[in-house]
Amino acid sequence: MKKTALLLTTCCALVLAGCSSTEPSTGTPQTTTQSADSQASQDDSASAAATAAPEESTAAPEETVIALGDKMPLADWTITAKKASVEKKIQNGKYQYFKPGKGNAFIVVSLSVRNEGKEVEEFLPKVGYEDKMTTATLIYKDGYEYKPTTLFAYDKDMIARKVQPLTTEKGVVAFEVPKEVAKAKKDLILTLKSKGQSASYTLK
């Protein structure tokens, strides 16, 4: 009888041990799942923050437009556009004059230029590389552009004027434009460029 009771006790112990070793634990996996969810939440927050971060502004500064009479440093030049006028013709001596085409007029800009470089330079040369030479453009309503008109044999014409170092030359630059444009002189912009630099005058 004692042997039978002892055998039953041993069998019961073995069955309980087997059940205990094969029963899945529910604590540890839940803890691991919660950690993964927390990490995913942190990653999503970091991604959202990176997406929402504002980009740095890379807009170029606006070009300054100065008034007639002010000095303008431009590459190797110091330029002063003194005044602008509308002319039906440009007198050259007593008997000669320059006259625009029918329906047109001249915008004449008086200016002085000083060569700050160490070599003789041409102001507004007729031929050359645009990114290296000095140019002048009259702009109307941010779209219409007019180039200077050459006044042949006119001693005040500044086109292709040679200027010695540290020397100042004075003269005019003439633009032939439609009369409609000439009447809107206050809306015109004179833009000068030289060696990659640019600056502008308003003709008000």
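A short tour of the structure in this document, coming up. (Residues numbered from 1 in each chain as written. Predicted model: local features only at pLDDT ≥ 70, side-chain atom pairs only at ≥ 80, totals over all residues. Heavy atoms only, no water.)

Re the side chain of Asp157
So the rule is basically this: Comment: elements are numbered from the N terminus, with helices defined as DSSP H or I runs of at least four residues and strands as E runs of at least two. Only protein chains enter the accessibility calculation, which uses a 1.4 Å probe. A residue is then buried if its area is under 20% of the maximum for its type, exposed if over 50%, and partly exposed in between. Under the convention used here, Asp and Glu are negative, Lys and Arg are positive, and both His and the chain ends fall outside the count. Put simply, a salt bridge is a Lys or Arg side-chain nitrogen that is within 4 Å of an Asp or Glu carboxyl oxygen. Counted as a polar contact is a pair of N or O atoms within 3.5 Å, where, for protein atoms, one must be capable of donating a hydrogen and the other of accepting one, and residues adjacent in sequence contribute only when both atoms are in side chains. Contacts are assigned to residue pairs that have any heavy atoms within 4.5 Å of one another.
Of note, Asp157 is situated in the loop between strand E9 (144–146) and strand E10 (161–163). The buried charged residue Asp157 lacks any salt bridge, with Lys126 as its nearest oppositely charged partner at 6.7 Å. A distance of 3.3 Å separates the side chain of Asp157 from the backbone nitrogen of Ile159, its partner in a polar contact. Sequence-distant contacts of Asp157, that is, excluding residues within four places in its chain, are made with Thr149, Thr150, Leu151 and Val172.

Considering the pattern of salt bridges
Here the structure, examined in full by the defined rule, presents four salt bridges. Its salt-bridge partner being Asp76, residue Lys195 comes within 2.6 Å of it at the nearest N-O pair. Linking Lys195 in the loop between strand E12 (188–194) and strand E13 (197–202) with Asp76 in the loop between strand E2 (71–74) and strand E3 (77–87), this pair joins segments that are 119 residues apart in sequence. Between Glu121 and Lys195 there is a salt bridge, with the nearest N and O atoms lying 3.8 Å from each other. Taken together, the positions of Glu121 in strand E7 (residues 121–123) and Lys195 in the loop between E12 and E13 put the pair 74 residues apart, joining distant regions of the chain. A relative accessible area of 17% means that Glu121 is categorised as buried. Residue Lys195 is classed as partly exposed on the basis of its relative accessible area, which comes to 42%.

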